[in-house]
Amino acid sequence: MDDIDRAILAVLEKDGRINNADLAVRVGLSPSPCLRRVRRLEETGVIRGYRALIDPAAVGRSLRVFVGVRLVRHARADVAAFERAVVRLPEVVHTHHVTGNYDYLLHVEVADLSAYEHFHANRLANLPGVAAVSSYVTMKTLPADTT
(Lines give C-alpha, C1' and ligand atoms only; values in the text may rest on other atoms or scores of the structure.)
Protein backbone atom coordinates (compact mmCIF):
# COMPACT_ATOMS: atom_id res chain seq x y z
CA MET A 1 0.00 0.00 0.00
CA ASP A 2 1.55 3.27 -1.08
CA ASP A 3 0.42 6.89 -1.32
CA ILE A 4 -1.27 6.35 -4.68
CA ASP A 5 -3.30 3.43 -3.28
CA ARG A 6 -4.30 5.63 -0.34
CA ALA A 7 -5.32 8.41 -2.75
CA ILE A 8 -7.43 5.94 -4.76
CA LEU A 9 -9.14 4.76 -1.57
CA ALA A 10 -9.79 8.33 -0.42
CA VAL A 11 -11.47 9.21 -3.72
CA LEU A 12 -13.50 5.99 -3.83
CA GLU A 13 -14.69 6.47 -0.24
CA LYS A 14 -16.26 9.77 -1.27
CA ASP A 15 -17.41 8.72 -4.74
CA GLY A 16 -17.62 4.97 -5.33
CA ARG A 17 -19.26 5.58 -8.71
CA ILE A 18 -16.43 7.64 -10.20
CA ASN A 19 -15.35 6.24 -13.54
CA ASN A 20 -11.80 4.97 -13.95
CA ALA A 21 -10.70 7.78 -16.29
CA ASP A 22 -11.73 10.47 -13.79
CA LEU A 23 -10.25 8.51 -10.89
CA ALA A 24 -6.96 8.22 -12.76
CA VAL A 25 -6.84 11.99 -13.30
CA ARG A 26 -7.60 12.66 -9.62
CA VAL A 27 -4.76 10.42 -8.42
CA GLY A 28 -2.24 11.31 -11.12
CA LEU A 29 -2.12 8.05 -13.08
CA SER A 30 -3.06 6.98 -16.57
CA PRO A 31 -6.24 4.86 -16.76
CA SER A 32 -4.63 1.41 -17.23
CA PRO A 33 -2.38 1.44 -14.14
CA CYS A 34 -5.18 3.02 -12.13
CA LEU A 35 -7.58 0.23 -13.06
CA ARG A 36 -4.93 -2.41 -12.23
CA ARG A 37 -4.49 -0.87 -8.78
CA VAL A 38 -8.24 -0.73 -8.13
CA ARG A 39 -8.63 -4.37 -9.16
CA ARG A 40 -5.72 -5.38 -6.92
CA LEU A 41 -7.29 -3.50 -4.00
CA GLU A 42 -10.55 -5.34 -4.67
CA GLU A 43 -8.92 -8.76 -5.06
CA THR A 44 -6.91 -8.40 -1.84
CA GLY A 45 -10.00 -7.38 0.12
CA VAL A 46 -8.91 -3.81 0.86
CA ILE A 47 -11.98 -2.69 -1.09
CA ARG A 48 -14.72 -4.98 0.23
CA GLY A 49 -17.52 -3.71 -1.99
CA TYR A 50 -19.56 -0.78 -3.22
CA ARG A 51 -22.90 0.33 -1.79
CA ALA A 52 -25.59 2.90 -2.25
CA LEU A 53 -26.19 5.22 0.70
CA ILE A 54 -29.94 5.29 1.25
CA ASP A 55 -31.73 8.18 2.94
CA PRO A 56 -33.43 6.45 5.90
CA ALA A 57 -36.32 8.94 5.95
CA ALA A 58 -37.10 8.20 2.30
CA VAL A 59 -37.69 4.54 3.16
CA GLY A 60 -39.67 5.06 6.36
CA ARG A 61 -36.81 4.82 8.85
CA SER A 62 -36.67 8.39 10.15
CA LEU A 63 -35.75 7.55 13.75
CA ARG A 64 -32.16 6.54 14.44
CA VAL A 65 -31.38 5.05 17.86
CA PHE A 66 -28.07 3.88 19.28
CA VAL A 67 -28.62 1.07 21.73
CA GLY A 68 -26.25 -0.24 24.37
CA VAL A 69 -26.87 -3.90 25.18
CA ARG A 70 -25.44 -5.73 28.18
CA LEU A 71 -25.57 -9.53 28.24
CA VAL A 72 -26.36 -11.67 31.27
CA ARG A 73 -23.39 -13.97 30.69
CA HIS A 74 -20.34 -13.92 28.45
CA ALA A 75 -20.03 -17.64 27.83
CA ARG A 76 -19.21 -18.36 24.20
CA ALA A 77 -22.56 -20.10 23.59
CA ASP A 78 -24.52 -17.13 25.03
CA VAL A 79 -22.59 -14.61 22.96
CA ALA A 80 -23.04 -16.69 19.81
CA ALA A 81 -26.79 -17.05 20.40
CA PHE A 82 -27.18 -13.29 20.84
CA GLU A 83 -25.12 -12.53 17.74
CA ARG A 84 -27.06 -15.00 15.56
CA ALA A 85 -30.34 -13.43 16.68
CA VAL A 86 -29.41 -9.73 16.52
CA VAL A 87 -28.08 -9.81 12.96
CA ARG A 88 -31.46 -11.16 11.81
CA LEU A 89 -33.33 -8.05 12.96
CA PRO A 90 -33.92 -5.80 9.93
CA GLU A 91 -34.15 -2.70 12.16
CA VAL A 92 -30.53 -3.20 13.26
CA VAL A 93 -28.29 -1.46 10.71
CA HIS A 94 -24.95 -2.13 12.45
CA THR A 95 -23.90 -4.24 15.40
CA HIS A 96 -20.63 -3.53 17.20
CA HIS A 97 -19.12 -5.71 19.93
CA VAL A 98 -17.55 -3.12 22.26
CA THR A 99 -15.74 -2.71 25.54
CA GLY A 100 -16.96 -0.56 28.41
CA ASN A 101 -20.36 -0.40 30.08
CA TYR A 102 -22.07 -2.39 27.33
CA ASP A 103 -21.22 -5.51 25.40
CA TYR A 104 -22.80 -4.37 22.13
CA LEU A 105 -23.63 -1.05 20.53
CA LEU A 106 -26.42 -1.27 17.97
CA HIS A 107 -27.39 1.26 15.32
CA VAL A 108 -31.16 0.90 14.89
CA GLU A 109 -33.41 2.65 12.37
CA VAL A 110 -37.21 2.62 12.60
CA ALA A 111 -40.11 4.79 11.45
CA ASP A 112 -40.81 6.64 14.68
CA LEU A 113 -40.77 6.45 18.47
CA SER A 114 -43.82 4.19 18.57
CA ALA A 115 -42.10 1.75 16.20
CA TYR A 116 -38.99 1.83 18.39
CA GLU A 117 -41.05 1.14 21.51
CA HIS A 118 -42.53 -1.91 19.78
CA PHE A 119 -39.10 -3.05 18.57
CA HIS A 120 -37.56 -2.56 22.03
CA ALA A 121 -40.31 -4.35 23.96
CA ASN A 122 -41.14 -7.16 21.56
CA ARG A 123 -37.94 -7.95 19.73
CA LEU A 124 -34.79 -6.53 21.29
CA ALA A 125 -35.59 -7.30 24.94
CA ASN A 126 -36.47 -10.87 23.95
CA LEU A 127 -33.13 -11.66 22.32
CA PRO A 128 -31.19 -14.45 24.03
CA GLY A 129 -29.04 -13.36 26.96
CA VAL A 130 -30.06 -9.69 27.12
CA ALA A 131 -29.67 -8.30 30.64
CA ALA A 132 -30.01 -4.56 30.04
CA VAL A 133 -30.73 -2.14 27.20
CA SER A 134 -30.02 1.60 27.09
CA SER A 135 -31.36 3.68 24.21
CA TYR A 136 -29.95 6.91 22.84
CA VAL A 137 -32.32 8.61 20.39
CA THR A 138 -30.59 10.69 17.75
CA MET A 139 -31.79 14.27 17.48
CA LYS A 140 -29.59 15.24 14.53
CA THR A 141 -26.91 13.63 12.39
CA LEU A 142 -24.16 15.85 11.08
CA PRO A 143 -22.92 15.21 7.56
CA ALA A 144 -19.44 13.78 7.14
CA ASP A 145 -16.73 16.27 6.24
CA THR A 146 -16.37 16.07 2.47
CA THR A 147 -13.31 18.31 2.17
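Preceding this section is the structure that the text describes.
These numbers were taken from a predicted model, which means no experiment stands behind them.

Any chance you could explain the environment of L35 here in plain terms?
With respect to the secondary-structure elements, L35 resides in helix α3 (residues 31-43). Along the backbone, L35 and A21 are 14 residues apart, and their C-alpha atoms lie at a distance of 8.8 Å.

Explanation requested: the pattern of salt bridges in the structure shown.
Applying the stated criterion across every chain, the model contains eight salt bridges. Among the ionic contacts, a cluster of salt bridges with common partners joins D2, D5, R37 and R40.

Help me out: how do you make sense of helix α1 (residues 3-14) in this one?
Since one α-helical turn is 3.6 residues long, residues separated by three or four positions face the same way. Taking 1.5 Å per residue as the helical rise, α1 with its twelve residues ought to reach 16 Å, and the 17 Å between its terminal C-alpha atoms agrees with that figure. Along α1, the residues that are buried comprise D5, I8, L9, V11 and L12. Viewed end-on, α1 has its buried residues packed into an arc of 165°, placing them on one side of the element. Projecting away from the buried face of α1 at angles above 90 degrees are the exposed residues D3 and E13. In this structure, the buried side of α1 is in contact with α2 (20-27) and α3. A side-chain oxygen of the first residue of α1 lies 3.1 Å from the backbone nitrogen of I4; this N-cap is D2.

Help me understand the pairing of strand β1 (residues 63-71), please; the structure alone is not making it clear to me.
The element β1 is extensively covered by neighbouring structure, given that seven of its nine residues are classed as buried. Bridge analysis of β1 against strand β4 (residues 130-137) gives seven bridges, and the strand direction is antiparallel. Within β4, the position partnered with F66 by the bridge is Y136.

How do you make sense of helix α4 (residues 76-86) when you look at a structure like this?
Those residues of α4 that fall on the buried side of the exposure criterion are V79, F82, A85 and V86. Projection of α4 onto a plane perpendicular to its axis shows the buried side chains occupying an angular sector of 135°, all on one side. Of the exposed residues in α4, the ones pointing more than 90 degrees away from its buried face are R76 and A77. On its buried side, α4 packs onto β1, β2 (92-97), β3 (104-110) and β4.

The rules behind these values
Residues numbered from 1 in each chain as written. Predicted model: local features only at pLDDT ≥ 70, side-chain atom pairs only at ≥ 80, totals over all residues. Heavy atoms only, no water. Helix = DSSP H or I, 4+ residues; strand = E, 2+ residues; numbered from the N terminus. Salt bridge = Lys/Arg side-chain N within 4 Å of Asp/Glu carboxyl O. Expected span 1.5 Å × (residues − 1). Buried < 20%, exposed > 50% of the residue type's maximum accessible area, 1.4 Å probe, protein only. Arc of directions from axis to C-beta. Contact = heavy atoms within 4.5 Å. Polar contact = N/O pair within 3.5 Å; in protein donor to acceptor, adjacent residues only side chain to side chain. Pairing = 2+ DSSP bridges.

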